[in-house]
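# Per-entry structural report
This is what each chain is made of:
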Amino acid sequence: MTSNHLATELPSWSKLQQLHDTKGAKYDLRQAFKADPKRFEKYSEQFKGTKTDASLLVDYSKNLIDDEVLKTLLDLAREAKVEEQRDAMYAGVKVNSSEGRSVLHIALRDLPEKFKSKAEGVDEVKPELEHIKAFSDAVRSGSHKGYSGKQIKSIVNIGIGGSNLGPLMVTQALKPYAKKDLEAHYVSNIDGTHLAEALRACDPETTVFIIASKTFTTQETITNANSARDWFLKTAKDESHISKHFVALSTNVKEATAFGIDKANMFKFWDWVGGRYSLWSAIGLSIAIVIGYENFEQLLLGAHELDVHFKEAPLEKNIPVLLATIGIWYNNFFDAQSYAQLPYDQYMHRFAAYFQQASMESLGKGVTKNGKRVDYQTGEVLWGEPGTDGQHAFYQLIHQGTKLIPCDFIAPIETQNPLGKHHDILLSNFFAQPEALAFGKTAEEAKGELSAQDQSNDFLIQSKIFTGNRPTNSILAQKITPATLGALIALYEHKIAVQGFIWNVNAYDQFGVELGKVLAKKILPALEAGDPNKPGDHDSSTSGLISYYLKNRKGH
Ligand SMILES: O=P(O)(O)OC[C@H]1O[C@](O)(CO)[C@@H](O)[C@@H]1O
């Protein structure tokens, strides 16, 4: 299923522009809520797993939308053939056209085999899960021992981008489910500090290194993996011990073998698993080790149940479609420059960082799938920090700054750590912030709060006005369990898919990360040669910087 369109050519695009100009820009949430006491019921959806405890309430009523806007947004989705593109993706059509690949992370979690996606390797998903189960069980139970017969106490996942952020985010978000006597470290950065700090906390006799790289050629990962092997061999001495301490997660068996990893220690996945969608695959091995295979399976099943919702719910009730199109409303018609994800759950502190890659690497594209340059904005700039820390840092700008920043607030109803009044206080903030953003404070109200003397101080009054009409979604999860987290991640993955379908960009390639990598490879020999007078053939800025570095570096 290919589509030829520029989003601006779809009939509903100009209608949305009109709607924005005639009423969207002036939309008043105070009035909207007053006029319709059932607005919350109308503009919220519940998602409940049937076989898992996944449970989400998504309230999108505090958006600058009415029935006409919403209908037009969904018309836009239909005109862009979102449903057909989704079905093609699920079926295994090679929708990643530039790389000639299917996009089937949904097949990794389709344990009930509902979608019958077709691609080479789909039938290997379950055997590979068995492999993950056997290894994670062995490490957790202590039956997999280090070369000197000791039980494994630390794992170090070495990977970057999608081979790091997903497992890192999930193991943090699900920390209450983690095995207590096992330390998990995640090393991604080529900065030697990252590996050095992790190794300081490890003992070679009791550490397993998980080399996670789809391609097994990524410079950071291979360099870190080699340094980890050197560190290990300094103590272990004998290379035959490597097999008990190094495993590889990769689609590239040849390179992993060349690195010295035993076939039995390789966990494979397939080219239809995009790096930033790979936590459900062998890349999730560290998740299974940390939280146990049964919990890992719940994560997959929760995501699968959301996949079913995305596939079967009518667009009017389809949560990923609603969030995606509402996002487009602001990104393309209100010129919103960014979008914030704000989890009110300390364990979810890497959630926005994870979706930064998933969303921005997927949708940061400037050409359509047919090679036409787009004449509209694409990927949202995504950022965020957990509440309430964010409140004391950047919320001032969200409330009163000149930029429109749509936000998603996410919180669990049940905390993993009941502690006095803490959770109610946290949640009171979770409820209050979207309320303040939506309804603001008028000049009258601001004036009423001032002393008689200050009531004529216009600067004070103006400074205390909150314009309101700042849009938010509020997502309440029952509890951040493995299944609920799986559903939440899948929800945002599908939001990305829908936006890609509408903007008609390929959300599954990443050519934008290449150029800088190629230039770095050209620069490295000059740094290794070390002659400040020979920085290589560059512009004066780059050469000047390299020479300055070479002249001033010490301890090399
Ligand atoms: O898993 P690999 O092949 O080492 O790639 C790591 C990351 O590098 C990228 O290719 C580019 O940043 C990501 O898409 C990917 O997640």
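Because the structure is predicted, anything quoted here is derived from the model rather than measured. (Residues numbered from 1 in each chain as written. Predicted model: local features only at pLDDT ≥ 70, side-chain atom pairs only at ≥ 80, totals over all residues. Heavy atoms only, no water.)

## Examining the overall build of the protein
The helix and strand tally for the protein stands at 23 helices and 11 strands. Its C-alpha radius of gyration of 25 Å places the protein within 12% of the 24 Å reference for a compact globule of 556 residues. With respect to the principal axes defined by its C-alpha atoms, the protein has extents near 80 × 60 × 55 Å. By the burial criterion, 54% of the 556 residues in the protein qualify as buried. (Helix = DSSP H or I, 4+ residues; strand = E, 2+ residues; numbered from the N terminus. Rg over C-alpha atoms; globule rule 2.2 N^0.38 Å. Buried < 20%, exposed > 50% of the residue type's maximum accessible area, 1.4 Å probe, protein only.)

## Examining the environment of His185
Mapped onto the elements of the fold, His185 is located in strand S4 (residues 183-187). The spacing of His185 and Glu197 is 12 residues in sequence and 9.5 Å in space, taken between C-alpha atoms. Setting aside chain neighbours within four positions, we find His185 in contact with Ser154, Ile155, Val156, Asn157, Ala198, Ala201 and Cys202. (Contact = heavy atoms within 4.5 Å.)

## Things to note about the side chain of Ser474
In this fold, Ser474 is placed in strand S11 (residues 472-477). Dropping the residues within four chain positions of it, Ser474 is found in contact with Leu57, Val58, Asp59, Phe409, Phe430 and Pro434.

## Here's the deal with the nonpolar core
With 126 residues, the main nonpolar core has Trp329, Phe351 and Ile489 as its most contacted residues. With 14 residues, the top contributor of residues to this core is helix H21 (residues 482-503). If near-sequence neighbours (up to four positions away) are discounted, Ile489 is found in contact with Met169, Val170, Leu279, Trp280, Phe351, Tyr354 and Phe355. Judged by nonpolar contacts, the second largest core, of 23 residues, contains Val187, Leu195, Ile222 and Ile242. (Core = buried A, V, L, I, M, F, W, Y, C linked by side-chain atoms within 4.5 Å.)

## Points about a nonpolar patch on the surface
A grouping of Leu515, Val518 and Leu519 is seen on the molecular surface, where their side chains present a nonpolar patch of about 280 Å² in accessible area. Within the fold, Leu519 resides in helix H22 (residues 514-529). (Patch = residues over 30% accessible without salt bridge, like charges linked within 9 Å, V, L, I, M, F, W, Y side chains within 5 Å. Areas by Shrake-Rupley, 256 points an atom, 1.4 Å probe, with all protein chains shown as cover. Salt bridge = Lys/Arg side-chain N within 4 Å of Asp/Glu carboxyl O.)

## What about helix H8 (residues 165-173)?
In terms of residue burial, H8 counts as a mostly covered element, since eight of its nine residues are buried. Taken together, the buried positions of H8 are occupied by Leu165, Gly166, Pro167, Leu168, Met169, Val170, Thr171 and Ala173. Against S4, helix H13 (285-291), helix H14 (293-312), helix H16 (351-363) and H21 lie the buried residues of H8.

## With respect to the sheet that holds strand S7 (residues 266-268)
An order of S4-S3-S5-S6-S7 is seen for the five strands of this open sheet, with the pairing classed as parallel. Here the strands that pair on one side only, and so sit at the sheet edges, are S4 and S7. Mean inter-strand twist for the sheet, computed between neighbouring axes without regard to direction, equals 20°. When strand S6 (residues 246-250) meets S7, the two strands line up parallel, connected through three bridges. Bridged to Leu249 within S7 is Phe267. The sheet contacts of helix H9 (residues 192-200) involve strand S3 (154-158), S4 and strand S5 (207-212), and relative to S4 the element is tilted by about 165°. Of the strands in this sheet, S3, S4, S5 and S6 are in contact with helix H10 (residues 219-236), which crosses S5 at around 160°. (Pairing = 2+ DSSP bridges. Axes fitted to C-alpha atoms, helices over the stretch in contact; angles between N-to-C directions.)

## Structural notes on the sheet that holds strand S10 (residues 407-412)
Spatial strand order, S1-S2-S11-S10-S8-S9: six strands in an open sheet with mixed pairing. Bordering the open sheet on either side are strand S1 (44-48) and strand S9 (382-383), each of which pairs with just one other strand. As paired elements, strand S2 (residues 55-59) and S11 share four bridges and run antiparallel to each other. For Asp59, the partnering residue across the bridge sits in S11 and is Ser474. Along the sheet face, helix H15 (residues 319-333) touches S1, S2, S10 and S11 and points at about 140° away from the line of S1. Running at roughly 160° to S10, helix H18 (residues 422-439) makes contact with S10 and S11 of the sheet.

## Re the site of the ligand
Close to the ligand lie 14 residues, the nearest being Ser163, Ser213, Thr215, Thr218 and Glu361. Ser163 has a polar side-chain atom sitting 2.6 Å from an oxygen atom of the ligand. A breakdown of the residues in the shell around the ligand according to their chemical character gives two nonpolar, nine polar and three charged. (Near = heavy atom within 4 Å. Polar contact = N/O pair within 3.5 Å; in protein donor to acceptor, adjacent residues only side chain to side chain. Nonpolar A, V, L, I, M, F, W, Y, C, P; charged D, E, K, R; others polar.)

## Here we look at the pattern of salt bridges
A full pass over the atoms with the stated rule returns 29 salt bridges. The partner of Glu68 in a salt bridge is Lys23, with the nearest N and O atoms 2.6 Å apart. With a gap of 45 residues between them, Glu68 in helix H4 (residues 67-79) and Lys23 in the loop between helix H1 (11-22) and helix H2 (29-35) connect regions that are remote in the sequence. Its relative accessible area of 36% is what places Glu68 among the partly exposed residues. For Lys23, a relative accessible area of 24% puts it in the partly exposed group. A salt bridge links Asp271 to Arg101; its shortest N-O distance comes to 3.8 Å. Taken together, the residues span a long stretch of sequence, with Asp271 in the loop between S7 and H13 and Arg101 in the loop between helix H5 (82-91) and helix H6 (105-108) at a distance of 170 residues.

## Quick look at the side chain of Gln433
One can find Gln433 in helix H18. On the basis of relative accessible area, Gln433 is assigned to the buried category, the value being 12%. Apart from the residues lying within four places of it in its own chain, the contact partners of Gln433 are Tyr344, Gln391, Tyr395, His399 and Phe409.

## Description of the packing of helix H7 (residues 125-141) against H14
The geometry of H7 relative to H14 is characterised by a closest axis approach of 10 Å and an angle of 145° between their N-to-C directions. Mapping the contact onto sequence places Leu129, Ile132, Lys133, Ser136 and Asp137 in H7 and Tyr293, Glu294, Phe296 and Leu300 in H14. Taken together, the residues that form the contact of H7 with H14 break down as five nonpolar, one polar and three charged.

## Some points on H21
Given a rise of 1.5 Å per residue, 22 residues ought to cover 32 Å, and the 32 Å separating the end C-alpha atoms of H21 matches this to within 8%. Taken across its 22 residues, H21 has 22 buried, putting it largely inside the fold. (Expected span 1.5 Å × (residues − 1).)

## Examining the confidence of the model for the protein
Confidence in the prediction of the protein, expressed as mean pLDDT, is 97, and 99% of residues score 70 or more. The ipTM, which scores confidence in the relative placement of chains, is 0.98 for this predicted complex, and the corresponding pTM is 0.97. (pLDDT = per-residue confidence, 0-100.)

## Remarks on the packing of aromatic side chains
All chains considered together, the criterion is met by 29 aromatic pairs. Each ring, one from Trp329 and one from Phe334, has its centre 5.1 Å from the other, and the planes form 75°; the classification is edge-to-face. By relative accessible area, Trp329 is classed as buried at 0%. Measuring from ring centre to ring centre gives 4.7 Å for Trp383 and Phe394, while their planes differ by 70°; the resulting arrangement is edge-to-face. Taken as a pair, Trp383 in strand S9 and Phe394 in the loop between S9 and helix H17 (395-400) lie far apart in primary sequence, 11 residues in all. A residue is classified by how much of its surface remains accessible, and Trp383, at 22% relative accessible area, is partly exposed. For Phe394, a relative accessible area of 17% gives the class buried. Following the ring pairs from residue to residue traces out a cluster consisting of Tyr344, Trp383, Phe394, Tyr395, Phe409, Phe430 and Phe431. (Phe/Tyr/Trp six-rings, centres within 6.5 Å; stacked < 30°, edge-to-face > 60°.)

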